[in-house]
Amino acid sequence: MCGIVGYIGGRQAFPVLLNGLRRLEYRGYDSAGVALVDGSGSLKVYKCRGKVADLERFTDSKDVGGTIGIAHTRWATHGEPNDVNAHPHYSQSGNIAMIHNGIIENYSVIRDALSEHGYTFQSATDTEVLVQLIEYIRNTSRCSLLEAVRSALKRVVGAYAIAVVEKDNPDEIIAARKSSPLVVGLGDGEYFLASDATPIVEYTDKVVYVGDEEIVHICRGRELKVMNLDNEQAQIDIRTLELSINQLEKGGYPHFMLKEIHEQPKTIVDCIRGRIPADGSEVVLSGVVANKEKFMGARRIIIVACGTSWHAALIGERAIEDMCRIPVEVEYASEFRYRNPVISPDDVVIAISQSGETADTLAAVELARNAGAFIFGICNVVGSSVARATDSGAYIHVGPEIGVASTKAFTGQVTVLTMLALTLAREKGTVRDEKFRSVAKGLVELPSLIEKVLSQDDKIKDLSKIFTYAHNFIYLGRGYNYPAALEGALKLKEISYIHAEGYPAAEMKHGPIALIDSEMPVVAIAPDDHIYEKTVSNIQEIKARKGKIIAVVSEGNAAIHSLADYCIEVPVTEECLSPIVVSVPLQLLAYYIAVNKGRNVDQPRNLAKSVTVE
Ligand code: M6R
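Here's a quick rundown of the structure. Model, not experiment: these values are computed from the prediction. (Residues numbered from 1 in each chain as written. Predicted model: local features only at pLDDT ≥ 70, side-chain atom pairs only at ≥ 80, totals over all residues. Heavy atoms only, no water.)

1. A closer look at the sheet that holds strand β17 (residues 347–353)
Then step 1. Strand order in the open sheet made by the 5 strands is β16-β15-β17-β18-β19, with parallel pairing throughout. Looking at strand neighbours, the two that pair on one side only are β16 (328–332) and β19 (392–395), the edges of this open sheet. Along the sheet, successive strands turn relative to each other by an average axial angle of 20°, direction set aside.
Then step 2. Here strand β15 (residues 300–305) runs beside β17; their pairing, made up of 5 bridges, is parallel. Considered in β17, the bridge of Ile303 is made with Ile350.
Then step 3. The strands touched by helix α10 (residues 307–324) are β15, β16 and β17; relative to β16, the strand with the most contacts, the crossing angle is about 175°.
Then step 4. Contacting β15, β17, β18 (374–379) and β19, helix α14 (residues 408–428) crosses the sheet at an angle of about 160° to β17. (Pairing = 2+ DSSP bridges. Helix = DSSP H or I, 4+ residues; strand = E, 2+ residues; numbered from the N terminus. Axes fitted to C-alpha atoms, helices over the stretch in contact; angles between N-to-C directions. Contact = heavy atoms within 4.5 Å.)

Okay, here's the thing in structure tokens:
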């Protein structure tokens, strides 16, 4: 939700900022803008509706000189996406410019108060209110910019990552964060600022993750200063990035999403590296091992997540209950946080988030913390807010996921959840050794199985052409593959904009079957498992109503051909791992349908990769 970038140093700021915005465009792409301060003390702001490429065109032949600047790519919350609502926003005098990621909840109260002091507002944004408040405090208290920002932030309610620059002040950027991410990159005589490390990694691998409710004072040629809202100096913890620039490029693929789908054999290897030996004899998830008494003593496990991560959680629920016999509840983080849930200190709460920045998931973590539960995070982005807000956790290690539609993160999350279930099950003695080894070995073999699925890329591309103009889709699955059906439907709707629903296959007859006619494509996930025959009966019910069936079945299943209109075969694996194997062709199907429809696959409309607003 909005990407912010800043630079101060010896280079020209504009190319650095533009490059950074391109890296952060996955966070929002409604509008983009930049503010530059040059040596002569002028503050230049350029902004426009649209993408970073539109900003680039807009600034062509404009004066973009200056070695200090801030820039923003927007996912609209307050005010429609247009030029005026684009960031940066100016203060009344035009002396201060600010970019913001987050929501200022009490903005209307502040705006009313400022209006009484003669302030007027150009935009419909909450951001403009905050920059005006900063100027008001700076003028009335005759304080420094840093002090004005600190004082203003003490008066706002909400979430923010901000960066502020001032005319006549070409040596200073003030930044701060609360509940929205912010990273400072430390170069040689230069500083970078960004919502995440991706714009920074090509310049330096030394970063500082700004803590919650901290303010950063970045001055040219001076040491970085970090303080809290009470002006107390904070400890500066310099980290080394483990991110390579190649991971941020498309690597010859037309879209990040296709690249990320094809990366899955490798990302699963990365995910299990050092955690399972080749023979599957053990599984070591260190965050679980180090806290085994918490898990062993757990009355129940509650998993909180959103979107695709929530679908992974449903698969984890099945695996943990099946193998560990610990009750598991899966909650939408956004519902959990507002429904006064019963949480006790002997509950273990698992928060799953690819980005580690999802506002609802963070709020659910906070709620669980206040109730005294032990909190375990499963994240991809190292050093992210969820990773830092939890007591312990496990990274999925799948590398940066840039396509808005989650693919490799989903399979990584399910892999980690399965390892977690195996670790606990062995500790509790609730799994037979044979079963343990078979699932652990199944995880080791997953990359080669996924390779086999990916070799059907062309076949799925051909299949996609038949369904490009469908208006609706239904995805069916049972057991472990009911969440896979939900995930398949989500992939299709978010990137192709075709309406799609996932259902437990047997639930169809309780209502949704009324939707079935010869125009309705139904993706039926029916690998060989203990309820295969039951799923086939459900497929029969669809067939009897002339639905068009695309069956995802185990290799060598000849019988299904008489029933299904189209078949995708996937290799046989352990039942609990089948959602990983079946998800890959569903990702490809969604991808190709979206491409056929000319959609912007990596940046679908209305979405953003990291949802930092509630
Ligand atoms: O970063 P998170 O895993 O917390 O994100 C949660 C959802 O916003 C995310 O999975 C979303 O549903 C994806 N666009 C799905 O592809």
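2. Observations regarding the pattern of salt bridges
Then step 1. This structure, assessed with the given rule, holds 37 salt bridges.
Then step 2. In this structure, the salt-bridge partner of Asp237 is Arg239, at a minimum N-O distance of 3.1 Å.
Then step 3. A salt bridge links Asp433 to Arg437, with the shortest nitrogen-to-oxygen separation between them at 3.3 Å. Residue Asp433 and its partner Arg437 are located together in helix α15 (residues 433–454), separated by 4 residues, close to a single helical turn.
Then step 4. Given the relative accessible area of 40%, Asp433 is considered partly exposed.
Then step 5. Judged by its relative accessible area of 35%, Arg437 is partly exposed.
Then step 6. A cluster of three or more residues bridged by salt bridges with shared partners is formed by Arg299, Arg300, Glu329, Asp346 and Asp347. (Salt bridge = Lys/Arg side-chain N within 4 Å of Asp/Glu carboxyl O. Buried < 20%, exposed > 50% of the residue type's maximum accessible area, 1.4 Å probe, protein only.)

3. Remarks on the nonpolar core
Then step 1. Membership of the largest hydrophobic core comes to 94 residues, with the highest contact counts inside it found for Ile301, Phe473 and Tyr475.
Then step 2. Here the element with the most residues in this core is helix α19 (residues 578–596); it accounts for 12 residues.
Then step 3. In this structure Phe473 touches Phe467, Leu492, Ile498, His499, Ala500, Glu501, Met520, Pro521, Val523, Ile550 and Ile593, once residues within four positions along its chain are discounted. (Core = buried A, V, L, I, M, F, W, Y, C linked by side-chain atoms within 4.5 Å.)

4. Examining the side chain of Asn557
Then step 1. Among the secondary structure elements, Asn557 is positioned in the loop between β23 (548–554) and β24 (566–570).
Then step 2. Since its relative accessible area comes to 9%, Asn557 is described here as buried.
Then step 3. Side chain to side chain, Asn557 and Tyr532 meet in a polar contact 2.8 Å long.
Then step 4. At 3.1 Å, the side chain of Asn557 and the backbone nitrogen of Ile560 are in polar contact. (Polar contact = N/O pair within 3.5 Å; in protein donor to acceptor, adjacent residues only side chain to side chain.)

5. Side note on the packing of aromatic side chains
The geometry of an aromatic ring pair is captured by the separation of the ring centres together with the interplanar angle, meaning the angle of the planes.
Then step 1. Counting across every chain of the model gives 10 aromatic pairs.
Then step 2. Centroid distance Tyr7 to Phe192: 5.1 Å. Interplanar angle 50°. Geometry classified as tilted. With Tyr7 in strand β1 (residues 3–8) and Phe192 in strand β10 (residues 191–194), this residue pair connects regions lying 185 residues apart in the sequence.
Then step 3. Judged by centre distance (5.9 Å) and plane angle (80°), the rings of Phe295 and Phe374 are edge-to-face. Here the residue Phe295 occupies a position in helix α9 (residues 292–296), and Phe374 occupies one in strand β18, the gap between them amounting to 79 residues. Judged on exposure class, the residue Phe295 and its partner Phe374 are both buried.
Then step 4. In this structure an aromatic cluster arises from ring pairing among Phe467, Phe473, Tyr475 and Tyr566.
Then step 5. A cation over an aromatic ring shows up here: Lys62 above the ring of Phe58, its NZ or CZ 4.2 Å from the ring centre.
Then step 6. Positioned above the aromatic ring of Phe436 is the side chain of Arg426, whose terminal nitrogen or guanidinium carbon lies 3.7 Å from the ring centre. (Phe/Tyr/Trp six-rings, centres within 6.5 Å; stacked < 30°, edge-to-face > 60°. Lys NZ or Arg CZ within 6 Å of the ring centre and 35° of its normal.)

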